[in-house]
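# Summary of the model geometry
Residue-level listing of the chains:
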Amino acid sequence: MRVNFTVNGRRQEADDVWEGESLLYVLRERLGLPGSKNACEQGECGSCTVRLDGVPVCACLVAAGQAEGREVVTVEGLADYARQRAEHGGCATGSCGTFLQDTRGRAAQGQDSQTGEGTELAPIQQAFIDAGAVQCGFCTPGLLVAADEMLEHNPNPTDADIREALSGNLCRCTGYEKIMDAVRLAAARQGEAV
Amino acid sequence: MPTNGAPTKITQGSRTKGGIGESTLRPDGTLKVTGEFAYSSDMWHEDMLWGQILRSTVAHAEIVSIDTSEALATAGVYAVMTYDDLPTEVKNYGLEIQDTPVLAHGKVRHHGEPVAIVAADHPETARRAAAKIKVDYRELPVITDEASATAPDAILVHEGRDDHHSGHVPHPNIVHRQPIVRGDASRAAGRADVIVRGEYTFGMQDQAFLGPESGLAVPDEDGGVHLYVATQWLHSDLRQIAPVLGLPESKVRMTLSGVGGAFGGREDLSMQIHACLLALRTGKPVKIVYNRFESFFGHVHRHPAKLYYEHGATRDGRLTHVRCRIVLDGGAYASASPAVVGNASSLSIGPYVVEDVDIEAVALYTNNPPCGAMRGFGAVQACFAYEAQMDKLAAELDMDPVALRQLNAMEQGTIMPTGQPVDSPAPVAELLRRVKAMALPPERQWESSEGADVRQLPGGLSNTTHGEGVVRGIGYAVGIKNVGFSEGFDDYSTAKVRMEVVGGEPVATVHTAMAEVGQGGVTVHAQIARSELGVTQVTIHPADTQVGSAGSTSASRQTYVTGGAVKNSCELVREKVLEIGRRKYGSYHPAWATAELLLEGGKVVTDGGEVLTDLADLLEGESVEVEAEWRHRPTEPFDLRTGQGNGHVQYSFAAHRAVVEVDTELGLVKVIELACAQDVGKALNPLSVIGQIQGGTTQGLGVAVMEEIVVDPKTAKVRNPSFTDYLIPTILDTPTIPVDVLELADDHAPYGLRGIGEAPTLSSTPAVLAAIRNATGLALDRTPVRPEHLTGTA
């Protein structure tokens, strides 16, 4: 079958999709967007968390056909998404993804191809780096999408709020302490910026 | 009350590209947060096929027949291979003993053993084709424990063993046995005023790294193959893969892909040979990615263990002797079992002074899942038992458990049960003092003006209690872990370092085969190069087999050994750079001949601080490159009868204090805080050090209260191969983990550093168990603890 949907503001068309394929498989293997991760493929780990019409979901549990005509934001589009949200004064409705269309083609400036340094990052992405919340990094994309979504509707979370919001995302390396720090840091920076 | 997120105590790394001792941020951090970092499961190649493994549905059986015809006839299938299709006489592999069939031959020995492999144009086609392969099994009785393994009429898991351990083991179903005898435990027992005994059970833990086993094999034009894979040791893989393929090692090129965690679970091969076989058979690139279900069958686990201990002490609390016997279940194949036995036995009494010991550790061959390396490697199981014994002894003596430990704590100069002196700082008593001195978390944190915040209580949002039936407990533990490969292994590493001018600036390139699995080795290598060579720009070359072996990313060894190799190669590069300087400029300034010269800030300076030249000028038109091996101090094997020998390179120590709250009615545990104090020798990157300690602590927490692969004792089949049924700690299960880092240099190690990755995984588990015992008054002789163990309903 053919599936048409929008990913990170760009219209995508996937052909010859087998009906049993997940949204995760189509993103990773057909659209060249492997940032969403495949740690369990059974909806338990959150590493494939993407936003589907603004709602965080496990892409491994969404049949590809269910994405037809809908808006998907993955970790690859998170920086653009966050910037547009900031430019539009914040958007907590889940429809923010449409803003992405007006910014396609923005060139990454001075990016180091080996390390990616110089890439424009979302505040939550920068906070994960700064706080040491990234080790192997396999949980990171899902956590970033989940944490960014939480901060969108709860800009000043308590520790208990953070833990509750991220309880669907497993991490095996960090013991979560630096992830807590990263989210606290992103929230604080967000607060300072307002 | 929870406070709003004003982050006053957040440690942030430094964006400056710093040298050793600075919390420089990861060079791969940006790629990892943008989703661009290429993990092994992200590999993609035009025209690639997907590989699938068919695994045994039973644990122990003869294979009567395999019919692949229907699978082969499936549209989209390019190849189906069984044992009969293997290209050479080498059909087995293994880390130490080559006892593991690439594909089952006539027999399967554990649930999930690979039987056949399929390549097809879509992963689902490959899965369905594999399901069409008909395997006729004739089931055999299963060997599942020591009694069934060593019974007089026991079936041998491996007939006709001739490996180097087979001659000294008491039974062919014992992989390896290591006794350690020192002093006279029987006589010393006569001096004991108090003797405590215990029998402990340690459950089977899974590494549960998040990035599944995966990789891409691409056939090369010269008949060889290029494998992109996630592993812990490229050269060890290469040594095992090439003979099975019938290729010289030079035709099997390996490049490390992004590794989504390892924790020991990637020391053994998983999909490597299968992908290469299918690629060479079909002439097309083949990708294999396990799903989580398959991952539980695709790698070894931590050895479950039975541990039998006797401790004696005088009335004043001095240990008189320890007798212990540790029985590790190695499962169907040897993997790292012999080395795990060596660790379990040599570290079996913990960081204490005991002159009279009688120790034995064995690993069994059974039909349970194969077990091998996992963070802590034999020392974890022992620590759980000896720390339970220390608490039992303290109770018997009516002593404070920390004071008893401190009274018997080893220190620099203590002789290990192996006869090896501990010749670097061993601040065991001090670590206990520090962890005990940390402020305790406030009581009844769940109380708020709006009533109980159930998120702070055992059971959490299940809303099972508002505080009634909840009791608090506190427990302590300390452990000792060896660093590096032991028992005479040639544990070297190689580093190639180049220095040249790029764009008018001196740049160092560091090339090693070290597997970066998340620990931050790449960060530290760049820091070392900056400190040694006085440059800012350091390029870390991708890890591959075009450079010599870096050894394994395990045994807490990479910063020590490959870090040591990078330091050594940098020093050799520096010498060559200075030679060029002397040649070019020696006649202009006498300091070139007379002064101690350093490379700092992109310049050559004297030890007095005088600048002699810019490195950019000195290296104009020149480049300097050195590839060199580096070794730590040699070790010796343990004597097979007495266990004596200088077997270890270095020791690492951590202590934990656990604070738990237990809902005694429902048997639910909430760990409130898990504080750690650890000596790291020298923190090359403090932010990463703390990350390692917190991560290791959390894995210890997991096996204390939730993590266990459950194997049916009647069938030896795995009952919970999923993240639905095998639980690892979530962010809700994990408490705050305050860390106190001590830096007492080990003069034998580069920069005085100590390998740090594993020690925090040891003492975390027994500290949590001690806290639960403290809260409930229950004996609790197994881990993990489940609700039924706390409510008397087990």
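Here, the structure is the one placed above.
So, how was this worked out
Residues numbered from 1 in each chain as written. Chains lettered and ligands numbered in written order. Predicted model: local features only at pLDDT ≥ 70, side-chain atom pairs only at ≥ 80, totals over all residues. Heavy atoms only, no water. Helix = DSSP H or I, 4+ residues; strand = E, 2+ residues; numbered from the N terminus. Rg over C-alpha atoms; globule rule 2.2 N^0.38 Å. Buried < 20%, exposed > 50% of the residue type's maximum accessible area, 1.4 Å probe, protein only. Contact = heavy atoms within 4.5 Å. Areas by Shrake-Rupley, 256 points an atom, 1.4 Å probe, with all protein chains shown as cover. Lys, Arg positive; Asp, Glu negative; His and termini not counted. Charge placed at Lys NZ, Arg CZ, Asp CG, Glu CD. Salt bridge = Lys/Arg side-chain N within 4 Å of Asp/Glu carboxyl O. 1 Å grid on protein atoms, 1.4 Å probe; cavity = no way out; pocket = protein on both sides within 12 Å on 5 of 7 lines; lining within 4 Å. Points joined across faces, edges and corners; volume = space filled by probe spheres on them. Nonpolar A, V, L, I, M, F, W, Y, C, P; charged D, E, K, R; others polar. Domains from an automatic or database assignment.

If you tally the helices and strands in chain B, you get 19 helices and 33 strands. Scaling as 2.2 N^0.38, a compact globule of 794 residues should have a C-alpha radius of gyration of about 28 Å, and chain B matches this with 27 Å. Once the C-alpha set of chain B is aligned to its principal axes, its extents read approximately 80 × 70 × 65 Å. Across the 794 residues of chain B, 65% fall into the buried class. Within chain B, contacts between residues at least 6 apart in sequence are counted, and of these 79% link residues at least 24 apart. In the structure as shown, chain B presents an accessible area of about 27,200 Å², 49% of it carried by carbon and sulfur atoms. Here chain B holds 68 positive side-chain charges and 99 negative ones, and the gap between their average locations is 1 Å.

Below, the discussion takes up the pattern of salt bridges. Enumeration according to the criterion identifies 66 salt bridges over all chains in this entry. As a salt-bridge pair, Arg 633 of chain B and Asp 423 of chain B come within 2.7 Å of each other at their nearest N and O atoms. Placement of Arg 633 of chain B in the loop between β29 (624-630) and β30 (650-663) and of Asp 423 of chain B in the loop between α11 (401-408) and α12 (428-437) is noted, with a sequence separation of 210 residues between them. Given a relative accessible area of 30%, Arg 633 of chain B falls into the partly exposed group. One network of salt bridges, in which partners are shared, links Arg 51, Arg 85, Asp 148 and Glu 152 of chain A.

Turning our eyes to something else, we now look at the side chain of His 171 of chain B. Residue and element names in this part refer to chain B. Structurally, His 171 can be placed in the loop between α4 (146-150) and β9 (174-182). Of the residues examined, His 171 reaches a relative accessible area of 15% and is grouped as buried. Excluding its chain neighbours within four sequence positions, the residues that come into contact with His 171 are Ala 149, Thr 150, Ala 151, Ala 154, Leu 156 and Arg 161.

A few words now on empty space enclosed by the protein. Tallying each qualifying case throughout the model produces six cavities of 30 Å³ or more. For the largest cavity, the calculated volume is near 380 Å³. Listed by contribution, the elements that provide at least two residues to the lining of the largest cavity are β5 (100-101), α7 (272-282) and α8 (292-298) of chain B. In terms of residue count, the dominant contributor to the lining of the largest cavity is α8 of chain B (three residues). For the lining of the largest cavity, the residue count by class is 13 nonpolar, 13 polar and five charged. For the lining of the largest cavity, the domains that each give at least three residues are domain 1 (43-140 + 211-260 + 266-298) and domain 2 (146-203 + 301-379) of chain B. The computed volume of the second largest cavity comes to approximately 150 Å³. Lining the second largest cavity are 17 residues, with Gly 132 and Val 134 of chain A together with Arg 26, Leu 687 and Ser 688 of chain B positioned closest to its centre. When residues of the lining of the second largest cavity are traced back to their parent elements, those giving at least two are α3 (123-130) of chain A together with α17 (686-705) of chain B.

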